[in-house]
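Chain by chain, the residues:
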Amino acid sequence: MTRKDLIDKVAKEFGLKKKDAEAIVKFIFGEIAETVKRGERVSIQGFGVFELRELKERSVKNPKTGEEVKVPSRMKMVFVSRLRLK
């Protein structure tokens, strides 16, 4: 499912104009992203958790030159599913 598919589904389910459904979807994803950027976890009961995790510094090889390059550590938003699939 793409973002557009989700917007179409929200519009149809709630009888909204696509423009209004798009605003709602953008707002929800924006709030999740901003909350996680502040270092807070977003836990949606029965769905999953969005949180920041640190990717540690690592060494990789440049495929063209074979030169080893250090990739600095960074923070990354991750999603951990809590869905129970049968």
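Bear in mind the structure is a predicted one, so any value in this text is a computation, not a measurement.

Q: Explain the sheet that holds strand 1 (residues 42-44) here, please?
A: Backbone-to-backbone hydrogen bonds pair the strands of a sheet. The strands run either parallel or antiparallel. Pairing within the open sheet is antiparallel, and its three strands lie in the order 1-2-5. Sheet topology places strand 1 and strand 5 (74-81) at the edges, where each strand pairs with a single neighbour. Put simply, the sheet's adjacent strands are angled 30 degrees from each other on average, direction ignored. Pairing analysis gives three bridges linking strand 1 to strand 2 (residues 48-55), with the strands arranged antiparallel. When the bridges of strand 2 are listed, serine 43 appears paired with valine 49.

Q: Explanation requested: the layout of surface pockets in the structure shown.
A: Left-over empty space is what a probe sized like a water molecule reveals as it rolls over the atoms. What the largest pocket holds in volume is close to 210 Å³. Lining the largest pocket we find Leu6, Val10, Ile24, Val25, Ile28, Phe29, Ile32, Ile44, Phe47 and Phe50. Elements with a minimum of two residues in the lining of the largest pocket: helix 1 (3-14) and helix 2 (18-37).

Q: Is there a simple way to explain the pairing of strand 4 (residues 68-71) in this structure?
A: Taken residue by residue, a regular strand's side chains alternate between the two faces of the sheet. The pairing of strand 3 (residues 58-61) with strand 4 spans four bridges and is classified as antiparallel. Among the inter-strand pairings, serine 59 is bridged to a residue of strand 4, identified as lysine 70. In textbook terms, the turn of a hairpin is the stretch between consecutive antiparallel strands, and for strand 3 and strand 4 this stretch comprises six residues, one of which, glycine 66, has a positive phi near 80 degrees.

Q: Where do I start with the nonpolar core in this structure?
A: A general feature of soluble globular proteins is that nonpolar side chains tend to end up buried together. The biggest cluster of nonpolar side chains holds five residues, and these are Ile7, Val10, Ala11, Ala21 and Val25. Breaking this core down by element, the ones donating at least two residues are helix 1 and helix 2.

Q: Help me understand the packing of aromatic side chains in this model?
A: Working definition: an aromatic ring pair is given by the centre-to-centre distance plus the angle between the planes. Counted under the stated rule, the structure contains two aromatic pairs. A ring pair is formed by phenylalanine 47 and phenylalanine 79, whose centres lie 5.1 Å apart and whose planes are at 45 degrees; its orientation type is tilted. Residue phenylalanine 47 is found in the loop between strand 1 and strand 2, and its partner phenylalanine 79 is found in strand 5; the two are separated by 32 residues along the sequence. You can call phenylalanine 47 partly exposed: its relative accessible area is 37%. Take phenylalanine 79: its relative accessible area is 37%, and that puts it in the partly exposed class. Relative to phenylalanine 79, the ring of phenylalanine 50 lies with its centre 4.7 Å away and its plane at 45 degrees, an arrangement referred to as tilted.

Q: So what exactly am I meant to see when it comes to the pattern of salt bridges here?
A: Any two side chains of opposite charge can pair, given that their charged atoms come close. Evaluation of the coordinates by the stated rule reveals eight salt bridges. Note that aspartate 8 and lysine 18 form a salt bridge whose closest N and O atoms lie 3.3 Å from each other. Separated by ten residues along the polypeptide, aspartate 8 in helix 1 and lysine 18 in helix 2 bring together distant segments of the chain. On the accessibility criterion, aspartate 8 (23% relative accessible area) is partly exposed. The partner of glutamate 51 in a salt bridge is arginine 41, with the nearest N and O atoms 3.2 Å apart.

Each value, and the rule that gives it
- Here the residue numbers are simple positions, counted from 1 along each chain's written sequence.
- A pLDDT threshold of at least 70 governs which residues receive local features in this predicted model, and a stricter bar of 80 or more applies before side-chain atom pairs are shown or counted, although totals over entire chains, interfaces and linings include all residues.
- Hydrogen atoms and water are omitted, and side-chain values are computed over all heavy atoms in the structure.
- DSSP bridges decide pairing: two strands pair if at least two such bridges lie between them.
- Only DSSP runs of H or I reaching four residues or more are called helices, and only runs of E reaching two or more are called strands; each is numbered from the N terminus.
- Helix axes are fitted to C-alpha atoms over the stretch in contact, other axes to C-alpha atoms as well, and angles between N-to-C directions run from 0 to 180 degrees.
- For each structure, a 1 Å grid was placed over the protein atoms alone; sets of points admitting a 1.4 Å probe that cannot get out are labelled cavities, open sets with protein on both sides within 12 Å along at least five of seven lines are labelled pockets, and lining residues have an atom within 4 Å of a point.
- Grid points are joined across faces, edges and corners, and a volume is the space filled by probe spheres set on the points.
- Joining through side-chain atoms within 4.5 Å is the link that ties buried Ala, Val, Leu, Ile, Met, Phe, Trp, Tyr and Cys residues into a set, and such a set is a nonpolar core.
- Burial classification: accessible surface area is computed with a 1.4 Å probe over protein chains only, and a residue below 20% of its type maximum counts as buried, one above 50% as exposed, and the rest as partly exposed.
- The criterion for an aromatic pair is that two Phe, Tyr or Trp rings (for Trp, the six-membered ring) have centres within 6.5 Å, with stacked assigned to planes under 30 degrees apart, edge-to-face to planes over 60 apart and tilted to the rest.
- Any Lys or Arg side-chain nitrogen found within 4 Å of a carboxyl oxygen on Asp or Glu counts as a salt bridge.

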